[in-house]
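Chains, contacts and geometry: an overview
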Amino acid sequence: MPLHEEFPTKGLEGAPSNDIGWHFGTPVPNAKGNIVCKLCGKVVKGGITRFKEHITHKTCNVAPCPNVTEFGQDVNLPTPYEVSDVYLESEYQRLRDWANGLKTHWKELGATLMCDDVSSVRSRDAEFYYSLLDSVVEEIGENYIVQIVTDNEAAIKAARKKFNVEKKTSILDLMCSSLFRLMP
Ligand SMILES: [Zn+2]
């Protein structure tokens, strides 16, 4: 049975996400990243990834859960594959959080969006680049983007032209990234 079915966390009370780790821990209110272990009561600091290390005895970053062996007699603990699968998800989340943290800098300094050459992929036409550009600009926030730098590949050129026309954007005009690399 897939791990997530064995330990359903969806809708688990107080769980901030459906990360499997929340089956074993509860977030400490008003203390971001602190998680109480349901098995031993220890408060693990450093977020869900670190907490899962406590449960899986994975690293020396955190004391291993003393009760996990006893607990393990009744249930199957995550296999290395499943753990890495789960880790991957939380790593993705961690990167997203990191990117969100950059938004403070974007406010102060502005952002340059770079769209570099992937011209060898034929399916990536102007429409593809247009929607990609659109979604990334949407995600970052048009106000923060000072300029968009692309290369001169035909599909990208067409996409940025369409973007400028349709969005009537105030983003500064775009330049070739190969030129950009030459800039000091
Ligand atoms: Zn524990």
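Rules used throughout
Residues numbered from 1 in each chain as written. Predicted model: local features only at pLDDT ≥ 70, side-chain atom pairs only at ≥ 80, totals over all residues. Helix = DSSP H or I, 4+ residues; strand = E, 2+ residues; numbered from the N terminus. Expected span 1.5 Å × (residues − 1). Buried ≥ 20, exposed ≤ 12 C-beta atoms within 10 Å, placed from the backbone. Arc of directions from axis to C-beta. Contact = placed C-beta atoms within 7 Å. Pairing = 2+ DSSP bridges. Axes fitted to C-alpha atoms, helices over the stretch in contact; angles between N-to-C directions. Parallel < 35°, antiparallel > 145°, perpendicular 65-115°, else oblique. Left-handed = near helix turned anticlockwise from the far one by under 90°. Nonpolar A, V, L, I, M, F, W, Y, C, P; charged D, E, K, R; others polar. UniProt positions renumbered as here; feature names shortened; annotations may be inferred. pLDDT = per-residue confidence, 0-100.

As annotated in an unreviewed UniProt entry, the protein chain is BED-type domain-containing protein from Gossypium hirsutum.

**As for helix 6 (residues 126-140)**
Taking 1.5 Å per residue, 15 residues should reach 21 Å; helix 6 reaches 21 Å between its end C-alpha atoms and fits that length. All of the buried residues along helix 6 are Tyr129, Tyr130 and Leu133. Seen end-on, helix 6 carries its buried residues on one side only, within an arc spanning 105°. For helix 6, the exposed residues lying more than 90 degrees away from the buried face are Glu127, Ser131, Ser135, Glu138 and Glu139. In this structure, the buried residues of helix 6 make contact with strand 4 (111-115) and helix 7 (154-167).

**Brief notes about the sheet that holds strand 1 (residues 25-27)**
Read across the open sheet, the three strands follow the order 1-2-3; overall the sheet is antiparallel. Two strands bound the open sheet, and with one partner strand each, they are strand 1 and strand 3 (43-45). The sheet shows a mean angle of 35° between the axes of neighbouring strands, taken without regard to direction. By the bridge criterion, three bridges tie strand 1 to strand 2 (residues 34-37) in an arrangement that is antiparallel. Each residue of the ladder has a partner; that of Thr26, found in strand 2, is Val36.

**A short note on the environment of Gly41**
Relative to the helices and strands, Gly41 is located in the loop between strand 2 and strand 3. Spatially, the C-alpha atoms of Gly41 and Gly25 are 8.9 Å apart, while their sequence positions differ by 16 residues.

**Some remarks on the packing of helix 6 against helix 7**
Put simply, helix 6 and helix 7 touch, their axes get as near as 8 Å, and they point 50° apart. It follows that helix 6 is oblique to helix 7 by the angle criterion. Of the two elements, helix 6 crosses helix 7, and the hand of that crossing is right-handed. Contacts between helix 6 and helix 7 involve Ala126, Tyr129, Tyr130, Leu133 and Asp134 on the former and, on the latter, Ala155, Ile156, Ala158, Ala159, Arg160, Lys162 and Phe163. A breakdown of the residues in the contact of helix 6 with helix 7 according to their chemical character gives nine nonpolar, no polar and three charged.

**What about the UniProt feature "domain: BED-type" (unreviewed entry) in the protein chain?**
Sites flagged by UniProt as "domain: BED-type" (unreviewed entry) map to residues 22-58. What you have in residues 22-58 is 27% helix and 27% strand, and the ends, taken at the C-alpha atoms, are 17 Å apart.

**Considerations on the confidence of the model for the protein chain**
Summarising the model, the protein chain shows a mean pLDDT of 76, and 73% of its residues fall at 70 or more. Low pLDDT, under 50, characterises residues 179-184; the predicted model gives this stretch two contacts beyond four residues in sequence or across chains.

**Quick notes on helix 2 (residues 47-56)**
Of all 10 residues in helix 2, eight are buried; the element is thus mostly enclosed. Buried residues of helix 2: Ile48, Thr49, Phe51, Lys52, Glu53, His54, Ile55 and Thr56, and no others. Just past helix 2, the residue His57 takes up positive phi, approximately 55°.

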